[in-house]
Amino acid sequence: MKPLKVALLGCGVVGSQVIRLMHEQAGDLAARVGAPLELAGVAVRRLGRKRDVEVDPALLTTDAESLVTRDDVDIVIEVIGGIEPARSLIVSALSRGKSVVTANKALLAADGATLHEAARTGRGDLYFEASVAGAIPLLRPLRESLAGDHVKRVLGIVNGTTNYILDKMDSTGASFTDALEEAQTLGYAEADPTADVEGFDAAAKAAILAGLAFHSRVRAEEVHREGITDITATDVASAKAMGYVIKLLAICARSDDGRSFGVRVHPAMIPRSHPLAGVREAYNAVFVEAESAGQLMFYGKGAGGAPTASAVLGDLVAVGRNRLAGTRGPEESTYADLAVHPMGDTVTRCHVALDVADKPGVLARVAELFAKHDVSIQTVRQEGHGDDAQLVIVTHRATDAALTATMEGLRELDIVRAVASVMRVEGDE
């Protein structure tokens, strides 16, 4: 049969693995699609750069726009990342009726609406399984398999770099700085790790997950985001002593009345008995809770060239089949159009450590302040004496606004020397 021609944008860590797999599995891919897949060109920034895979020099070009607009190109794979020129190139391809496979989480979270509109206008497919959790089949189950169900909550670890860092801090007692340096040495963290350790990467993924789960459009800027740079070895050790582990979690949860949902990324303590507590090193894992299906867990390698390329090729097969059949995959589903409620309205729990004066009446005054803001205390433990006196409190569930007001009030009490740490608690109710 006439081959489907594929244009590849980017030949870095992921792009080079896409080329390798397309070559090594050419026969199987052709059988699964129903026609051969032929690489029509590879857009790169620099032609003479040494690459991790052998590429026919005749396929290389620095003119990405000309490549994606070629009449003979059927499918475009975008793995260059970032907002521009990726957005313009994808829109150009989709508006001309080509199908696009992308791994660009940042672009989808920032301006997915533009991409989906271009796909509708041009009648092409837009697939993006590789944008969240690498090789883990997660988006298609949300987009298709659970389309007949009512998703209530998505909870998970979606950034391998931060999970590696926190895992090393927990297992070895390392500081954040030492664990980060080890992650960089092993290639799990970039030279500039800001996107990972400050939660930007996880927030983009959370926006995509929430949009699919709740059939509403979500932008990255609507996601409450906190990173892990302030987590200390003392915090990790304290959590460990209480039977908890600290993880950076992405949490998308529908409100009780079903009229809105919250999307947040922040570090949290979870019990060591929770399945997410056992997710080690750079792995990802995501829980999906649906009304009829119950709890589902997706686990695997969430990053890396080969795992991400595996997800890209899965999408490539899907859009290739659709193209041969003259059909399209599912469009963006935003019919519910639910609002994203602010973090202050989110109901959560907190673990609070207070450095306090060692004298009678301290606990009573602290408890009075919690009660003033309608925050109920579940457990309290007093530790140390003199200058080492500390209160460790775990609250019942309350709005984040109430918890924040309580922390501000505690800082003003003359009996509280310092709010040593505040950590949200998830997964044990």
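To keep things clear, this report deals only with the structure shown in the data block. (Residues numbered from 1 in each chain as written. Predicted model: local features only at pLDDT ≥ 70, side-chain atom pairs only at ≥ 80, totals over all residues. Heavy atoms only, no water.)

Turning our attention to empty space enclosed by the protein. Under the defined criterion, the tally for this structure stands at two cavities of 30 Å³ or more. Approximately 80 Å³ is the volume attributed to the largest cavity. When residues of the lining of the largest cavity are traced back to their parent elements, those giving at least two are α5 (105-122) and β6 (126-127). Sorting elements by how many residues they give to the lining of the largest cavity places α5 first, with three residues. (1 Å grid on protein atoms, 1.4 Å probe; cavity = no way out; pocket = protein on both sides within 12 Å on 5 of 7 lines; lining within 4 Å. Points joined across faces, edges and corners; volume = space filled by probe spheres on them. Helix = DSSP H or I, 4+ residues; strand = E, 2+ residues; numbered from the N terminus.)

All right, on to the nonpolar core then. The biggest cluster of nonpolar side chains holds 76 residues, and the ones touching the most others in it are Leu138, Ile165, Leu209, Val263 and Val288. When residues no more than four places from it in sequence are discounted, the contact partners of Leu209 are Val132, Leu138, Leu139, Leu142, Val154, Val158 and Cys252. Grouped together as the second largest cluster of nonpolar side chains are 33 residues, Val6, Leu8, Leu21 and Ala103 included. (Core = buried A, V, L, I, M, F, W, Y, C linked by side-chain atoms within 4.5 Å. Buried < 20%, exposed > 50% of the residue type's maximum accessible area, 1.4 Å probe, protein only. Contact = heavy atoms within 4.5 Å.)

Once that is clear, we can look at the pattern of salt bridges. Pairing is possible between side chains of opposite charge, provided their charged atoms come close. Going through the model one piece at a time under the given rule, you end up with 26 salt bridges. In this structure, the salt-bridge partner of Glu332 is Arg120, at a minimum N-O distance of 3.9 Å. You can see Glu332 sitting in the loop between α12 (305-325) and β13 (339-340) and its partner Arg120 sitting in helix α5, a full 212 residues away along the chain. Judged by relative accessible area, which is 26%, Arg120 ranks as partly exposed. Across the salt bridge formed by Lys152 and Glu289, the nearest N and O atoms sit 3.7 Å from each other. On the criterion of sequence distance, the pair formed by Lys152 in strand β7 (residues 151-157) and Glu289 in strand β11 (residues 283-290) is long-range, its members being 137 residues apart. Given a relative accessible area of 26%, Glu289 falls into the partly exposed group. (Salt bridge = Lys/Arg side-chain N within 4 Å of Asp/Glu carboxyl O.)

Take the environment of Val340 next. Inspection of the secondary structure puts Val340 in strand β13. Distance from Val340 to Leu248, taken between C-alpha atoms, is 21 Å for residues 92 residues apart in sequence.

Spatial ordering of the open sheet is given by β3-β2-β1-β4-β5-β6, a layout of six strands whose pairing is parallel. Unpaired on one side and paired on the other, β3 (60-61) and β6 mark the two borders of the sheet. Where strand β4 (residues 75-78) meets strand β5 (residues 99-102), four bridges bridge the pair, whose relative direction is parallel. Of the residues in β5, the one forming a bridge with Ile77 is Val101. (Pairing = 2+ DSSP bridges.)

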